[in-house]
Amino acid sequence: MDREMISRLAHADHPVNSPLDDESVRRLLHRTVDRGDERVLDLGCGEAAWLLRTLAAHPDVTAEGVDKSAQALAKARKEATGLGVGRRLVLHHQDAAEFASPHPFDAVLSVGATHAFGGLLPTLDAARRHLVPGGRVLVGDAYWECEPTAAARETLGEYEDLATTMDRVVAHGWTPVSGHISTRQELDDFEWCYTGALATWALDHPEDPDSAEVLAAASTHRSQWLHGYRDSFGFVTLVLRRTFE
């Protein structure tokens, strides 16, 4: 089974592809889309969960999402139709880092997708290119809560601690106007959903030729989490505005 399909199975039971619960998502969206008539862009939208929630809550909002996964976008279109918001959603099948639009957006989202741009600051640079003056960016990324093990760095990559992360964002010309630090429960729920969804699929499809591979993927991820990065991994989601336009 290819990596994209494993990822889709793993995220089937969680509200968004990041360690945030429903209330946290609602509150962050409220801080980002507060007028109710914004034009919203999601760079690396996946199945467009953030956009679908925004469109369902605000009948005058229009939205566009960008992602390189055709399967994820197909699911997003189907869900948008079921919610009755499909006519206000445009989805682009391409690399988010290469997306260009003839018009700017009031809000730009990119939560858990900074890898598509090469890190947090390049993600903010990409968002800025699409943002109207005074607009808001909703961005989510990892940080280290404490010094990680070598295994944690190897699994997840290079991050800074929270204070350094914030210092870098501010020095890059952005001011936080709201934010959320994922709680231990949110972080653990995300991992249990990830590994549990994979394990459930594998156990429910014992005759499938990919069953053993998917079960092994669940076991490997669970081991990396519990033995590697659980005690050091954190996730912060920020609502930002440009400090100087």
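Before reading on, note that the structure itself is shown above.
Residues numbered from 1 in each chain as written. Predicted model: local features only at pLDDT ≥ 70, side-chain atom pairs only at ≥ 80, totals over all residues. Heavy atoms only, no water.

Trainee: So what's going on with the environment of V85? Residues and values would help.
Mentor: In this fold, V85 is placed in the loop between α4 (70-83) and β3 (89-93). In this structure, the C-alpha to C-alpha distance between V85 and H58, residues 27 residues apart in sequence, is 9.9 Å. Residues in contact with V85, not counting those within four places in the same chain, are L52, L55, A56 and A80. (Helix = DSSP H or I, 4+ residues; strand = E, 2+ residues; numbered from the N terminus. Contact = heavy atoms within 4.5 Å.)

Trainee: Outline the environment of D34, listing residues and values.
Mentor: With respect to the secondary-structure elements, D34 resides in the loop between α2 (22-32) and β1 (39-43). A sequence separation of 153 residues divides D34 from L187, and the C-alpha atoms of the two residues are 27 Å apart.

Trainee: Before we move on, could you go through the layout of surface pockets and cite the residues and values that matter?
Mentor: One number sums up the size of the second largest pocket: a volume of about 260 Å³. Residue lining of the second largest pocket: 14 residues in total, with L120, D141, E158, Y159 and R168 positioned closest to the centre. Counted by class, the lining of the second largest pocket contains six nonpolar, four polar and four charged residues. (1 Å grid on protein atoms, 1.4 Å probe; cavity = no way out; pocket = protein on both sides within 12 Å on 5 of 7 lines; lining within 4 Å. Points joined across faces, edges and corners; volume = space filled by probe spheres on them. Nonpolar A, V, L, I, M, F, W, Y, C, P; charged D, E, K, R; others polar.)

Trainee: Give a detailed account of empty space enclosed by the protein, specifying residues and quantitative values.
Mentor: This structure, assessed with the given rule, holds one cavity of 30 Å³ or more. Roughly 60 Å³ of volume is contained in the largest cavity. In terms of lining residues, the largest cavity is bounded by R184, L187, D188, E191, W225, Y229, R230 and F233. Of all the secondary structure elements, the ones that give two or more residues to the lining of the largest cavity are α8 (184-204) and α9 (211-229). Grouping the constituent residues of the lining of the largest cavity by class yields four nonpolar, no polar and four charged.

Take it as geometry only, folks, not as evidence of what the structure does.
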